[in-house]
Amino acid sequence: MIESLLVANRGEIARRIVRTAKKLGIRAIVVHSEADAGLPFVTEADHAVCVGPANPALSYRNVEAILAAARDTGAQAIHPGYGFLSENADFARTVEASGLIWVGPGADAISAMGDKINARNLMAAAGVPVAPGTTEPAADLDAAVTAAAEIGYPVMVKAAAGGGGMGMGVATDEAALRTEYDKVRSFAERMFGDGSVLIERYFPRVRHVEVQILGLADGRVVALGERECSVQRRNQKLVEESPSPAVSPELRSRFLAAAVRAGEAVNYRNAGTVECLLDPTTGEFFFLEMNTRLQVEHPVTEYVYGVDLVEEQLRVAAGLAPTFDPDALAPRGHAIELRINAEDPKRFLPGPGAISTWNEPSGSGVRVDSGYVAGNTVTPFYDSLMAKLIVSGATRDEAVQRAKAAVAQFEIAGPKNNLPFFAELLENPEFLSGDYDTGIVSRMR
């Protein structure tokens, strides 16, 4: 097993990785910015190195500083968490070229799945269902207009290099397409350094369902069930649950088989997620993208399948067999995750600030993965996620009831937060029925 691990991330995910490393007797090293010096992930690690100022480009995305920290502390491996450099193929290659172990998929798989058009084409060739759309970037506005006419409106205009719900727009007609194309292309050039745009069929009523895969050290790819991710604002997830209330055993079998084919098509190793759109009317699903990293919502899979996904990541990176029997994977119970963000609960605008009160809920089936404690400050430099509230139960109803109680017990004072939104959602008849889609939040507002 790996003996020393550097976590190239921050907040709740860095703290969560440190927790598993310590459980396994691995020396846990973290890097941090000047702004994060007092956060729990820094104080709980065995060793911490400041790699720069608050600006993530000068700290958490500072490859030279991170590698220097690994070298100076004697780290054997690097875990990138999610975001920042986690899906940067060049960083993965550089880590391995430096003689370190990369805790993630191979750089070639990251590259292959990082370009949305290339990923769509690879998946189609592997027999994974893909939505109607362009097989190469729309070179200009005229090409986009032609493609949209062939696909049929409405269409999704999407940055080929995007991810995390960013760089997307919907066009219901040609006039809207002309506006959205320029908007998405400009955003993509600014945010991703790549203005390539693809056009896909847009489904007005759709569910977002994803499958957790794990590429094992022996070359096999296994699927650890699906997660429902349809509660979203601005195409970004707020709630995840597993199993999906929309997925029957027959549909689950097709979902998981397609996800395994997706992983096998790129010789996938380590943890990853195959994201899909599900048409609840027809039962058809279509490949959306593959996230070549650990997901924010991985804890719901951990509850339902009884595994520690970070431990499994470390075992794969070390060339070891998994702790579970790949041929005997079966879900048990139900789990729900709520993303507790420092944001206005009505308009979902960021609301950073100093935390004066932080009291986490506890009890049977309740877990909190947090990045903060009372006395810390949520700064405007990073994502607004403060914590993840995860609950589990023998049934979905039991998990929902535990979520209601936990939300009521969670006390946060200082920064704005979205706990009031979750209290509202957990009483919403549409959510409670399980028959909801990605438009549920807009209908609540």
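Structural data are supplied above this passage.
Along each chain, residues carry numbers from 1 onward, in the same order as the chain's sequence is written. Residues qualify for local features only when their pLDDT is at least 70, as the model is predicted, and side-chain atom pairs are given and counted only at 80 or more; totals for whole chains, interfaces and linings, by contrast, use all residues. Side-chain measures here rest on the full set of heavy atoms in the structure, leaving out hydrogens and waters.

Caption draft 1: A look at the overall build of the protein chain. Tallying secondary structure elements over the protein chain gives 15 helices and 20 strands in all. Compactness check: the protein chain gives a C-alpha radius of gyration of 21 Å against a globular reference of 22 Å for 445 residues, within 12% of the reference. Along the first, second and third principal axes, the C-alpha set of the protein chain runs to 60 × 50 × 45 Å. Throughout, exposure labels follow a simple rule: accessible area from a 1.4 Å probe, protein chains only, divided by the maximum for the residue type, with under 20% read as buried, over 50% as exposed, and the rest as partly exposed. Within the protein chain, the fraction of its 445 residues that count as buried is 57%. Any two residues whose heavy atoms approach within 4.5 Å at even a single point are treated as in contact. Restricting the contact set of the protein chain to residue pairs at least 6 apart, pairs at least 24 apart contribute 65%. Values of accessible area rely on a 1.4 Å probe in the Shrake-Rupley scheme; residue burial ignores everything except the protein chains shown. Carbon and sulfur atoms make up 50% of the accessible area of the protein chain, which totals about 16,700 Å². None of His or the chain ends enter the tally, which takes Lys and Arg as positive and Asp and Glu as negative. One atom stands in for each charge, and that atom is NZ of Lys, CZ of Arg, CG of Asp or CD of Glu. Averaging the locations of the 43 positively and 57 negatively charged side chains of the protein chain gives two centres separated by 3 Å. The helix and strand labels rest on DSSP assignments: H or I over at least four residues marks a helix, E over at least two residues marks a strand, and numbering proceeds from the N terminus. The size measure is the radius of gyration over C-alpha atoms, and the globule rule it meets is 2.2 Å times the number of residues to the 0.38 power.

Caption draft 2: Spatial organisation of the pattern of salt bridges. Each reported salt bridge corresponds to a side-chain nitrogen of Lys or Arg within 4 Å of a carboxyl oxygen of Asp or Glu. According to the stated counting rule, one finds 40 salt bridges in the structure shown. Between Arg227 and Glu210 there is a salt bridge, with the nearest N and O atoms lying 2.7 Å from each other. Separated by 17 residues along the polypeptide, Arg227 in strand β10 (residues 221-233) and Glu210 in strand β9 (residues 207-215) bring together distant segments of the chain. As far as the burial class goes, Arg227 and Glu210 line up, both buried. Here Lys237 makes a salt bridge to Glu210, at a shortest N to O gap of 2.8 Å. Taken as a pair, Lys237 in strand β11 (residues 236-242) and Glu210 in strand β9 lie far apart in primary sequence, 27 residues in all. For Lys237, a relative accessible area of 11% puts it in the buried group. What makes Glu210 buried here is its relative accessible area of 0%. Connected through shared salt-bridge partners, Arg16, Arg19, Lys23, Glu302, Asp308, Glu311, Arg367 and Asp369 make up one network.

Caption draft 3: The arrangement of the side chain of Ser4 in detail. The topology assignment puts Ser4 in strand β1 (residues 4-7). N or O atoms closer than or at 3.5 Å make up a polar contact, with two conditions inside protein: a donor-capable atom paired with an acceptor-capable one, and, for residues adjacent in sequence, both atoms drawn from side chains. Among the polar contacts listed, one links the side chain of Ser4 to the backbone oxygen of Gly74, at a separation of 3.0 Å. In terms of polar contacts, Ser4 uses its side chain to reach the backbone amide nitrogen of Gln76, at 2.9 Å. With residues near it in sequence (within four places) discarded, Ser4 still touches Ile26, Arg27, Ile29, Gly74, Ala75, Gln76 and Ala77.

Caption draft 4: Summary view of the nonpolar core. Residue types Ala, Val, Leu, Ile, Met, Phe, Trp, Tyr and Cys, when buried and joined through side-chain atoms within 4.5 Å, form a set referred to as a nonpolar core. Ranked by internal contacts, the top residues of the largest apolar core, which has 75 residues, are Val231, Ile340 and Leu389. The element contributing the most residues to this core is strand β19 (residues 385-393), with six residues. When near neighbours in sequence (up to four residues on either side) are disregarded, Ile340 contacts Ser384, Leu385, Met386, Ala387, Leu389, Phe410, Ile412, Asn418, Leu419 and Phe422. Core analysis: the next-biggest nonpolar cluster, separate from the first, contains 27 residues, Val128, Ile213, Tyr268 and Leu278 among them.

Caption draft 5: Representation of the environment of Ala107. Relative to the helices and strands, Ala107 resides in helix α5 (residues 107-114). The sequence separation of Ala107 and Leu419 amounts to 312 residues, and the corresponding C-alpha distance is 38 Å. Once residues lying within four places of it in the same chain are set aside, the contact partners of Ala107 are Ala89, Ala92 and Arg93.

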